[in-house]
Amino acid sequence: MNCVDDKLKEELLELSRYIYDNPELGYEEYKASAAHAALLEKHGFQVQRGYLGIETGFRAEYVKGEGATVAYLSEYDALPQVGHGCGHNIMGTLSTGAAIHLKEHMGDSHGRIVVIGTPAEETDGAKVKYSKDGAFDDVDVALISHPFCANVKSGISFALKALRFEFFGRAAHAAAAPEKGINALDACISTFVNIGLLRQQIVPTARIHGIIKDGGTAANTIPEYACAEFYVRATSKSYLENLAERVCACARSGAEASGAELKITEFETGNDNLLTNRALQECLCRNLAKVGITDIEEAGEANGSTDVGNVSHVCPTIHPSWNIMAPGEVYSTHTVEFREATLRQPAKDALMVNVCAMAMAGKEILDDPELLAEIKREFAEAVAND
Ligand SMILES: [Zn+2]
Ligand SMILES: [Zn+2]
């Protein structure tokens with residue numbers, strides 16, 4: 001496969017720059033999704049806008065004969081204040097670029113190339129709904145790669161549940177008639193104490209962290225209402241389910257001790273943990289080597305949660321990172337410095353070689369049914385054991 005030609009190169013840089021100049025928050029990415037869709041359409045893809053009921057989501061497809069389905073996932077939401085501080089302008093462009101480049105170099109290969117535009121990664125990620133609603137049911141592999149200050153293999157992320165505990169007691173004058181009150185804040189504090197003790201008995205990779213959102217209105221009134229919110233995280237879905245249940249038990253016992261009523265809800269959409277498909281990652285690494293990228297680091301411990309995790313439970317998925325920096329430059333994501341780096345020459349060069357490698361990896365999947373069978377075997381095992 002040849003390198004990205006000058007025309008496509010120009011179109012991709014324009015797309016990344018346009019999205020940079022027009023940062024849009026999650027589910028408001030009207031300009032960004034329209035720009036991706038227009039470029040894909042121009043290159044012969046069939047585009048469904050407002051895919052599965054999400055206005056700023058889309059699905060683009062190019063079909064040539066019968067064969068496997070390779071999906072590239074595109075993100076394009078920005079952050080408040082820092083705009084594209086996470087680099088999703090160039091990140092989505094990589095996926096759309098890879099799909100177009102693969103289409104242009106299909107040769108004798110056959111199968112289906114898909115781009116799924118997935119809004120709101122930074123907040124209430126659309127991939128959760130898309131995974132639930134069948135967007136990936138006909139997808140054989142899903143690829144997405146995040147800009148970063150190093151090339152890093154796809155690793156793991158935390159499965160996440162966002163739990164809200166509301167305690168309902170009874171107000172009373174705290175000095176005149178404390179015995180008439182039911183202290184909702186006591187229930188809330190007991191919950192924190194119980195969870196603090198629970199932390200001793202959980203695996204070191206799990207996380208429980210929370211705040212008190214409402215703890216009463218005045219020190220001389222027994223609080224009739226209190227509210228706490230917790231994130232519970234674990235590196236496997238089954239452990240998370242179990243741990244979340246134990247955290248809820250902490251709240252139930254706090255409520256029982258104080259006599260308050262308890263209401264438990266999820267205040268944000270949770271995420272599944274990322275199950276990296278190693279065979280798919282190795283396929284990408286082989287193709288990155290062909291374009292000269294060999295300095296690829298192994299992934300570290302889980303350090304956050306992503307809606308790509310949900311995709312990885314319904315089809316074989318990878319979510320590695322690619323280096324957009326000049327040698328020695330290290331900026332963390334969600335900063336102005338990171339955002340600016342997406343416009344500089346090293347990022348532009350990195351975009352083109354990564355487009356090429358992601359496209360070649362897609363072609364390898366289309367051309368090699370045995371590799372795909374191996375990827376699927378690994379996937380089935382990973383889901384069963386999670
Ligand atoms: Zn981010
Ligand atoms: Zn990001």
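Note that this is a predicted model, so its numbers are computed, not measured.

**Overview of the sheet that holds strand 1 (residues 46–49)**
Adjacent strands of a sheet pair through backbone hydrogen bonds, lying either parallel or antiparallel. Taken in spatial order, the 6 strands make up an open sheet running 1-2-4-3-5-13, and their pairing is mixed. Of all the strands in the sheet, the pair left with one neighbour each is strand 1 and strand 13 (317–318). With 6 bridges connecting them, strand 3 (residues 69–74) and strand 4 (residues 111–117) associate as parallel partners. Pairing of Y72 across the sheet is with V115, part of strand 4. Contacts from helix 3 (residues 88–104) reach strand 2 (58–64), strand 3, strand 4 and strand 5 (141–143), with the element oriented near 150 degrees to strand 3.

**Description of the coordination of the zinc ion (ligand 2)**
For a metal with four donors in a tetrahedral arrangement, the ideal angle between donors is 109.5 degrees, while six donors in an octahedron ideally sit at 90 or 180 degrees. Protein coordination at the zinc ion (ligand 2): the donors are C86 (SG), H88 (NE2) and H146 (NE2), at 2.0 to 2.3 Å from the metal. Sequence positions of the residues that donate to the zinc ion (ligand 2) give the spacing C-x1-H-x57-H. Taken as an interatomic distance, the gap from the zinc ion (ligand 2) to the zinc ion (ligand 1) is 3.1 Å; C86 donates to each of them. A single burial state applies to C86 and to H88, both of which are buried.

**Observations regarding empty space enclosed by the protein**
For the coordinates displayed, the defined rule picks out 2 cavities of 30 Å³ or more. Forming the boundary of the largest cavity are S145, N151, V152, Q281, L284, L288, I296, P320, S321, W322, N354 and M358. Looking at the lining of the largest cavity element by element, the count peaks at 3 residues for helix 7 (residues 278–290). A breakdown of the residues in the lining of the largest cavity according to their chemical character gives 7 nonpolar, 5 polar and no charged. There is about 30 Å³ of room inside the second largest cavity. Around the second largest cavity sit L275, T276, N277, S312, F379 and A382, which together line it.

**Some words on the coordination of the zinc ion (ligand 1)**
The coordination sphere of the zinc ion (ligand 1), as far as protein atoms go, consists of C86 (SG), E122 (OE), E122 (OE) and H334 (NE2), spread over 2.0 to 2.7 Å. With 4 donor atoms in place around the zinc ion (ligand 1) and angles of 53 to 151 degrees between them, the coordination shape is irregular. Site description for the zinc ion (ligand 1): donor spacing in sequence, C-x35-E-x211-H. Under the relative-accessibility criterion, H334 is labelled partly exposed at 37%.

Reading the values: rules and limits
- Residues numbered from 1 in each chain as written.
- Chains lettered and ligands numbered in written order.
- Predicted model: local features only at pLDDT ≥ 70, side-chain atom pairs only at ≥ 80, totals over all residues.
- Heavy atoms only, no water.
- Pairing = 2+ DSSP bridges.
- Helix = DSSP H or I, 4+ residues; strand = E, 2+ residues; numbered from the N terminus.
- Contact = heavy atoms within 4.5 Å.
- Axes fitted to C-alpha atoms, helices over the stretch in contact; angles between N-to-C directions.
- Donors = N, O, S within 2.8 Å, 3.2 Å for Na, K, Ca; no water.
- Buried < 20%, exposed > 50% of the residue type's maximum accessible area, 1.4 Å probe, protein only.
- 1 Å grid on protein atoms, 1.4 Å probe; cavity = no way out; pocket = protein on both sides within 12 Å on 5 of 7 lines; lining within 4 Å.
- Points joined across faces, edges and corners; volume = space filled by probe spheres on them.
- Nonpolar A, V, L, I, M, F, W, Y, C, P; charged D, E, K, R; others polar.
- Tetrahedral: all angles 85-135°; square planar, octahedral: opposite > 155°, others 65-115°.

Limitation: the analysis is restricted to geometry and does not speak to function.
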